[in-house]
Amino acid sequence: MLRVLSCITTEHDLRLVVFAGFLCLVSCAAAMMLLQRAHRAGGYVRWIWLVSAGTSGGFGIWATHFVAMLAYEASLVLGYEPSRTLLSLAISVTTTFLAVAVASLLTGRLAFIMAGILFGLGVSTMHFVGMTAIEFPGAIHWNATLVWSAILLAVLFSVPGFACVSLGRRSPKRLATAASLLTLGVVSMHFTSMGGVVMTPMADSPLPSNLLSPALMVIVIATTALSLLFSVLAAALFASRSENATMAMNTRFRHLVQGVSDYAIYLLDPSGRVTNWNVGAQRMKGYADGEIVGKNFAVFYSEDERANGAPEHALRTALSTGKFETEGWRYRKDGTAFWASVVIDPIYDEHNDHIGFAKITRDCTEAKDSAARLLDVTNNLSIALNTMGHGIALFDANERLILHNELFREIIEFPRSLDIVGRTFHSLCYERFKTDQTGSHDADGLYEQHRALFMAPGGGETAREVASGRTIRTVHRPTGDGSFVMTLEDITARVDAEEKIRHLARHDALTGLANRHQFGERLDAAIETVSGSEKVAAICIDLDDFKEINDRYGHAMGDKVLYALASRMQKLMGEHEAVGRFGGDEFVAFKRFVQEKDLEDFIGRLFRALTERIVIDETEILPGASIGVSVYPSDAADREKLLNNADMAMYRSKAQPEQRISFYEAAMDEAARERRAMGRDLGVALEERQFFLVYQVQKSARTRETTGYEVLLRWRHPQRGLISPATFIPIAEECGLISPIGDWVLEEACREAVAWGLGHKIAVNLSPLQLGDVSLVDKVRSVLLRTGLPPSRLELEVTESAIIGDKGRALHILRQIRAMGVMIAIDDFGTGYSSLETLRVFPFDKIKLDRSFVNELDGRQSKAFIRAIVALGKSLDVTILAEGAETEEQLHVLVAEGCDEVQGFLFGRPCPIENLQDRSFDLPALTA
């Protein structure tokens, strides 16, 4: 033992020893893995795995021997004799192959004992033959005791190694153990025998000339062996995974078949004995798995059929034709019969050898009974059929027409003189062709198309337009016994409706123009296809004062105006031009162009179409429009931005009545960003109390006594300073903050009026959004209760434009507020709608004349208008207040015309409540 250890530690390079051990372990693992594959295989596949195991294992072990020899006194060994070297390789491969073959083919303990002995002796023989191939100047002497000990160790470790992978014992742990034991056998044999070697140098010993270099040989062998081993291991792993996947798939398929309960699915061997039985077969035929497996399937036939050889005939037919199908009576375990649909298919293995049959049986008793009952009630059924809204016909298993209703004949337009009962479906296709219903000359093709439908398991349907322009829907439904029902329906109206729906999905319902979705697609296509110097102009159009048309003439007239304008624009469209409607009075258009004059011509045509006089129902209407234009690619890089920019330009046109057509400018974006920033600041301003109130005095026109104060909102921005209400109020309305701001103004004004002891009434403006809020009544009531302000000292001012949006709701809300004692004034009267109807249906407490009339008192028309409104106020007993009085001359005129109250800079500028000079006495004028 000490001699062996000394040999390993002092006479070998330990690095090469470790490498040799690793090479041996991989070789043995490959051989054992392939042996396990051979255990699970059969036929010639098993021999392929065995040969692979012998080759890879034997080659690897042989390579181990030479790597270990390189580690042993490499300076003495000058080379290897080729023939004995190759002989040792042949011995290693052959004995490894014989060992794995014995382990695979034999059974019991004898298998792994014989395999271990063969392997141990083979490895030992390879070792000693390989040693004789060593060429060096001297002689080799052996210690017989260590030699026999080495052989014994090889056998002792090999026997349990093969036992670990014997048939029926498979696991990664056993594979690793087997490879480790065989490696120990090979390594212990090698180093024990090497411990008994004595190499005596001789100076005059001759050497052959054809020696193989040890270093080069070992490198080449080791590299080749590792490549071969790892290739074999990879192939085995992939094969194992494939086999596992196949087994899993087979298991799932077996579970699927076993789980089917509506069909009897089972296998027969070549002689017709049952080898497999599923749940459906047990439920259908009554036999348990243990009762039927091994018996001939002839037990399902009647005695007469068995005597006539029907079961054998079925198998012969299936084997000769590839399939056997039939229907007939079959019998259960308890002797009861059922009508069965039977399919038998032959089964072949991978070598195309016949190994049995697959048989599927379906219980069709109910279908057969249903068909029989159907035939019995045909006469009664025809009465019901003729009252149906569809054409219907029944065809038997031979495709002959059994019955039909009259609507069936009418839809196909068969003449009454033609007797179609008993005719085959194929012949009816020719008759249908004669009536020119299909628009086709291919009657055979028509038959094949329909036959594919009624032969399908669940039937099918088709719809087609016939020569008369009607669309006929045909439905085929099999009944289960080979017959089928055919129904015909004239769906022309439905198809037209669906086509209309599809049209509406892409077109505006009122005008027929492209809607937002279709227009966007077409504009995208135009942008994507521009090339060279081409451009695309997007045009947004908004009709001017269209709401006034609706209010004055009604929505029906408004719709007619929209339709007329849309028709005008549509007729103007040429190549690369399109127009659409996004909704309301908002239209869009685009044009692809190269020359600017082409765009100008297009815009001019649109503008003329939108502004020329329209006569509808003897009513003459002069429309107007604001137009905004944006051009791709100079103004925007995509459709969304292009339309947004055109929309901004359109709003520029609406804000500047003298300029009806505006082109997009970059400054518009800056203005839009400015408005968005101010919108964000408005939210902060409300939270941080940047708003404050100012009050402008209202006076009696004749006595100049104070009658009240109008509450006005101001905003002191921390960076921008004071911002005009004319600037931030529209932005607050756009971003939805006007309601909370208005609520704050109402409560703060009431609170200040009470806190400062302001004895006169205060007038607070209501925005349109506030007036549309159904909770406004409760808000006003709550504010009055919280602040303690008497309702008679609160006056709410509304504009008629705020009422027009939903007049019914607005007036209902105002009536409830007025019922509390709060006064209601109509503001800015004389501008906008100024409808006398509004004054008639609601008893306003005050009419406020717009300041524009006071500014133009020099004109005869303004005086006449003021005089008329004052007269109207007198007749309605409504107070008239004129805004904007700045001079004594204006005041004298207003007094002369009969105005009750006045308001303006003549009596003082708006100022905070604490800056009012006197809250208790009336002065000629109040100043800030």
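Up top is the structure these notes are about.
We now turn to the structure provided with this report. Just so we're clear, the structure is a prediction, and the values are computed from it rather than from any experiment.

1. Thoughts on the overall build of the chain
Tallying secondary structure elements over the chain gives 34 helices and 30 strands in all. Split into buried and exposed, the 928 residues of the chain put 46% on the buried side. A separation of at least 24 residues holds for 62% of the contacts in the chain among residues at least 6 apart in sequence. Split by element, the accessible area of the chain, about 45000 Å² in all, is 56% carbon and sulfur.

2. Quick word on the pattern of salt bridges
The full count for this structure, using the stated rule, is 40 salt bridges. Note that Asp542 and Lys654 form a salt bridge whose closest N and O atoms lie 2.9 Å from each other. With Asp542 in strand E15 (residues 535–543) and Lys654 in helix H23 (residues 639–655), this residue pair connects regions lying 112 residues apart in the sequence. Take Asp542: its relative accessible area is 13%, and that puts it in the buried class. A salt bridge links Glu548 to Arg552, with the nearest nitrogen and oxygen atoms 2.6 Å apart.

3. What about the packing of helix H26 (residues 738–755) against helix H28 (residues 776–787)?
The geometry of H26 relative to H28 is characterised by a closest axis approach of 9 Å and an angle of 25° between their N-to-C directions. On the basis of the axis angle, H26 is roughly parallel to H28. In the crossing of H26 with H28, the sense of the turn from one axis to the other is right-handed. Across the interface between the two elements, Asp743, Leu746, Glu747, Cys750, Arg751 and Val754 from H26 touch Lys779, Val780, Val783, Arg786 and Thr787 from H28. Its residues assigned to classes, the contact of H26 with H28 shows five nonpolar, one polar and five charged.

4. Comments concerning the sheet that holds strand E17 (residues 586–593)
Each strand in a sheet pairs with another by means of backbone hydrogen bonds, the pair being arranged parallel or else antiparallel. With mixed pairing, five strands are arranged side by side in an open sheet as E16-E17-E15-E20-E21. This sheet does not close on itself; its edge strands, each paired only once, are strand E16 (577–583) and strand E21 (661–663). Strand after strand, the sheet turns through a mean of 20° between neighbouring axes, direction not considered. Seen against the sheet, helix H19 (residues 516–528) touches E15, E16, E17 and strand E20 (625–632) and runs at an angle of roughly 145° to E16.

5. Re the packing of helix H21 (residues 555–572) against helix H22 (residues 596–611)
Where H21 contacts H22, the axes come no closer than 9 Å and their chain directions differ by 155°. In terms of orientation, H21 lies roughly antiparallel with respect to H22. The chirality of how H21 crosses H22 is right-handed. Counting all contacts with H21, which are made through Leu565, Arg568, Met569 and Leu572, the residues of H22 involved are Arg605, Leu606, Arg608, Ala609 and Leu610. Residues that form the contact of H21 with H22 fall into these classes: six nonpolar, no polar and three charged.

6. Here's the deal with the environment of Ile826
Along the chain, the position of Ile826 falls in strand E27 (residues 823–829). On the accessibility criterion, Ile826 (0% relative accessible area) is buried. Aside from chain neighbours lying at most four places away, what touches Ile826 is Val798, Glu800, Leu839, Phe844, Lys846, Ile847 and Lys848.

7. Brief notes about the nonpolar core
Core analysis: the largest hydrophobic core is formed by 75 residues, its most contacted members being Ile762, Leu794 and Leu796. For this core, the leading source of residues is H26, giving eight residues. For Leu796, the contacting residues outside a window of four places in its chain are Leu746, Val764, Leu766, Val780, Ile817, Val822, Met823, Ile824 and Ala825. Membership of the second largest hydrophobic core comes to 43 residues, among which are Met33, Leu50, Ile91 and Ala179.

8. Side note on the pairing of strand E25 (residues 761–765)
Among the five residues that make up E25, four are buried, leaving the element largely enclosed by the rest of the structure. Alignment of strand E23 (residues 706–717) against E25, held across three bridges, turns out to be parallel. Residue pairing across strands places Glu710 opposite Ala763, the latter belonging to E25.

9. Thoughts on the environment of Ser626
Note on placement: Ser626 falls in strand E20. Through-space distance from the C-alpha of Ser626 to that of Ser653 is 5.4 Å; in sequence the pair is 27 residues apart. Within the structure, the side chain of Ser626 is placed 2.8 Å from the side chain of Asp544, a separation counted as a polar contact.

10. Concerning the sheet that holds strand E8 (residues 337–348)
Here we have five strands laid out as an open sheet, ordered E6-E5-E9-E8-E7, and antiparallel in their pairing. Two strands lie at the open edges of the sheet, namely strand E6 (274–277) and strand E7 (324–331), each paired on one side alone. Averaged over neighbouring strand pairs, the angle between their axes works out to 30° when direction is ignored. As paired elements, strand E5 (residues 263–268) and strand E9 (residues 354–363) share six bridges and run antiparallel to each other. What sits directly across from Leu268, in E9, is Phe357. Along the sheet face, helix H12 (residues 310–321) touches E5, E7, E8 and E9 and points at about 40° away from the line of E8.

11. Details of the environment of Asn644
Relative to the assigned elements, Asn644 resides in helix H23. Overall, the relative accessible area of 40% leaves Asn644 in the partly exposed class.

12. A short note on the pairing of strand E14 (residues 484–490)
The side chains of a regular strand alternate between the sheet's two faces. By the bridge criterion, five bridges tie strand E10 (residues 391–395) to E14 in an arrangement that is antiparallel. Paired with Phe395 across the strands is Phe484, a residue of E14. The pairing of strand E13 (residues 471–478) with E14 spans seven bridges and is antiparallel. Looking at the pairing, Ile472 lines up with Asp490 of E14. Between the antiparallel neighbours E13 and E14 lie five residues, among them Gly480 with a positive phi of about 110°.

13. Digging into the packing of aromatic side chains
Scanning the entire structure with this criterion turns up 22 aromatic pairs. Aromatic side chains Trp329 and Trp339 sit 5.1 Å apart centroid to centroid with 80° between the ring planes, which places their arrangement in the edge-to-face category. Of this pair, Trp329 sits in strand E7 while Trp339 is found in strand E8, placing the two residues ten residues apart along the sequence. When its relative accessible area of 37% is taken as the criterion, Trp329 is described as partly exposed. Considering the side-chain rings of Phe425 and Tyr447, the 6.2 Å spacing of their centres and the 45° angle between planes classify their relative orientation as tilted. Of the two residues, Phe425 sits in helix H16 (residues 425–434) while Tyr447 sits in helix H17 (residues 443–454), which places them 22 residues apart along the sequence. One exposure class covers both Phe425 and Tyr447, and it is buried. One aromatic cluster is present, built from ring pairs that chain together Phe395, Phe425, Tyr447, Phe454 and Phe484. Over the face of the ring belonging to Tyr301 we find Arg330, whose NZ or CZ atom lies 4.1 Å from the ring centre. Looking at Arg516, its charged tip hangs above the ring of Phe582, at a distance of 4.1 Å from the centre.

14. Some remarks on H17
Look at H17: 17 Å from first C-alpha to last across twelve residues, which is about the 16 Å you get at 1.5 Å a residue. Burial in H17 covers these residues: Ala443, Leu446, Tyr447, His450, Leu453 and Phe454. In a view along the axis of H17, the buried residues occupy a sector of 120°, so they form one face of it.

15. Regarding unusual backbone geometry
Across the junction of Tyr632 and Pro633, the peptide omega takes the value 5°, indicating a cis bond. Locating Pro633 in the fold gives a position in the loop between E20 and H23. In this structure, Glu618 is a non-glycine residue whose phi angle is positive, near 65°. Looking at where Glu618 falls in the secondary structure, it is placed in the loop between strand E18 (614–616) and strand E19 (619–621). Take Glu618: its relative accessible area is 81%, and that puts it in the exposed class.

16. A closer look at a nonpolar patch on the surface
Among the surface-exposed residues, Tyr44, Val45 and Ile48 lie close enough to one another that they form a single nonpolar patch of about 290 Å² accessible area. Relative to the elements of secondary structure, Ile48 occurs in helix H3 (residues 43–71).

17. Quick notes on the side chain of Glu897
You can see Glu897 is positioned in helix H34 (residues 888–897). When sequence neighbours within four positions are dropped, the list of residues in contact with Glu897 reads Lys863, Ile866, Arg867 and Val870.

18. Focus: helix H25 (residues 725–734)
Count 3.6 residues to each turn of an α-helix, and residues three or four apart come out pointing the same way. Phe728, Ile731 and Ala732 are the residues of H25 that are buried. Viewed along the axis of H25, the buried residues span an arc of 105°, placing them on a single side of the element. Turned more than 90 degrees away from the buried face of H25 sit Ala726 and Glu734, all of them exposed. The backbone nitrogen of Ala726 lies 3.1 Å from a side-chain oxygen of the residue at the head of H25, namely Ser724. Looking one or two residues past H25, Gly736 carries a phi angle of roughly 80°, positive in sign.

Calculation rules
Residues numbered from 1 in each chain as written. Predicted model: local features only at pLDDT ≥ 70, side-chain atom pairs only at ≥ 80, totals over all residues. Heavy atoms only, no water. Helix = DSSP H or I, 4+ residues; strand = E, 2+ residues; numbered from the N terminus. Buried < 20%, exposed > 50% of the residue type's maximum accessible area, 1.4 Å probe, protein only. Contact = heavy atoms within 4.5 Å. Areas by Shrake-Rupley, 256 points an atom, 1.4 Å probe, with all protein chains shown as cover. Salt bridge = Lys/Arg side-chain N within 4 Å of Asp/Glu carboxyl O. Axes fitted to C-alpha atoms, helices over the stretch in contact; angles between N-to-C directions. Parallel < 35°, antiparallel > 145°, perpendicular 65-115°, else oblique. Left-handed = near helix turned anticlockwise from the far one by under 90°. Nonpolar A, V, L, I, M, F, W, Y, C, P; charged D, E, K, R; others polar. Pairing = 2+ DSSP bridges. Core = buried A, V, L, I, M, F, W, Y, C linked by side-chain atoms within 4.5 Å. Polar contact = N/O pair within 3.5 Å; in protein donor to acceptor, adjacent residues only side chain to side chain. Phe/Tyr/Trp six-rings, centres within 6.5 Å; stacked < 30°, edge-to-face > 60°. Lys NZ or Arg CZ within 6 Å of the ring centre and 35° of its normal. Expected span 1.5 Å × (residues − 1). Arc of directions from axis to C-beta. Patch = residues over 30% accessible without salt bridge, like charges linked within 9 Å, V, L, I, M, F, W, Y side chains within 5 Å.

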